[in-house]
Amino acid sequence: MAAVRKPKRVTLRGRWLGQRLRDLREAEGRTIEEVADYLQRAMGTVSRFETGIYPIRRTEVVALLDLYGANDPRLRANLLKIADDVWQTGWWDGYTKDVEDWFIDFVWLEELAVEQWLFNNTLVSGIFQTEAYARVVMRTTEPDATDEQVDRWIELRMARQALLDRETPPLVRVVLDESTLRRRVGSSRIMHAQLEALVVATERAHVDIRVLPFGSGAHASPNGSFNIYRMADPYPEVGYVETPQGALYVESPDSVPMMQMYDRLWDASLPAEESAEFITTLSKELR
């Protein structure tokens, strides 16, 4: 079981909890001042609860749910589950000094998801990258990084792939634009090994990889790669887009257009068996 400690940073789950508490407060027409008086807390502290800057304790969540008249058992259970999770740490927190906070949130999200829908048009998804492929990517995108930094990033990326071997792994659907497969990352040997690793991945029962061929023409996501993570209660369905400045998270129901976009990409892609054959053919060309 993961250890419990006070979080030292604003987490995605902390922001989710704070926003839901704020929504409940506003629905009841209560002010931050009233809530602060009720909890015997400073107004600034209550405000930080709602922004996720300072994580709220379970006992105070219970008190607020009572104050707001939130008596629905499922709602209470869901919010209390998030309140507990805010204070939990996992293996990924061991890398907080090595990567940006937003990426730690991403790894947590990736671990929590019961389904992952991935669309890539430039690089193979991290959870399917070989170590050599990943190293070339990191050296290219972060040319000033030290060997030690790159080694830690590689270690994290390889650790993330363990989710594919869990007893109950997530269902992973992948759409790979043909350009991703043809883009030479590193040497022919490195690229050959990466394509072979993708072929092996297609043999997993919980992994479905589809190729979006050039022949399909213009497609539904001209702006680039994105992911969708479907999670069990109490967490929302989340669309994820990575930018040079960090991550953009799009919660349900705002993520519905992204899901519809993904469905169109999926429909335009080759069937699973043809996709595996396509990747195999490209791999043989690199021998």
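For the structure, check the block above.
The following refers to the structure shown. What you see is a predicted model; the values in this text were computed from it and never measured.

## Examining the overall build of the protein
- Assigned secondary structure in the protein consists of 12 helices and six strands.
- Projecting the C-alpha coordinates of the protein onto the three principal axes gives extents of approximately 70 × 40 × 35 Å.
- Across the 287 residues of the protein, 49% fall into the buried class.
- Within the protein, residue pairs in contact and separated by at least 24 positions form 74% of the contacts whose partners lie at least 6 positions apart.

## A look at the sheet that holds strand β5 (residues 238–243)
- Strand order in the open sheet formed by six strands is β3-β2-β1-β4-β5-β6, and the pairing between neighbours is mixed. Single-partner strands in this sheet number two, and they are β3 (207–212) and β6 (246–251). Here the strands of the sheet are splayed against their neighbours by 15 degrees on average, with no regard to which way each runs.
- Pairing analysis gives six bridges linking strand β1 (residues 115–120) to strand β2 (residues 171–177), with the strands arranged parallel. Its bridge partner being in β2, Phe-119 is matched across the sheet by Val-175.

## Here we look at the side chain of Asp-177
- By secondary structure assignment, the location of Asp-177 is in strand β2.
- Although Asp-177 is buried, it makes no salt bridge; Arg-183 carries the closest opposite charge, 8.0 Å away.
- In terms of polar contacts, Asp-177 uses its side chain to reach the side chain of Ser-179, at 2.6 Å.
- Other than its neighbours up to four places away in sequence, Asp-177 contacts Phe-119, Asn-120, Asn-121, Leu-212, Phe-214 and His-219.

Parameters at a glance
- Residues numbered from 1 in each chain as written.
- Predicted model: local features only at pLDDT ≥ 70, side-chain atom pairs only at ≥ 80, totals over all residues.
- Heavy atoms only, no water.
- Helix = DSSP H or I, 4+ residues; strand = E, 2+ residues; numbered from the N terminus.
- Buried < 20%, exposed > 50% of the residue type's maximum accessible area, 1.4 Å probe, protein only.
- Contact = heavy atoms within 4.5 Å.
- Pairing = 2+ DSSP bridges.
- Axes fitted to C-alpha atoms, helices over the stretch in contact; angles between N-to-C directions.
- Lys, Arg positive; Asp, Glu negative; His and termini not counted.
- Salt bridge = Lys/Arg side-chain N within 4 Å of Asp/Glu carboxyl O.
- Polar contact = N/O pair within 3.5 Å; in protein donor to acceptor, adjacent residues only side chain to side chain.

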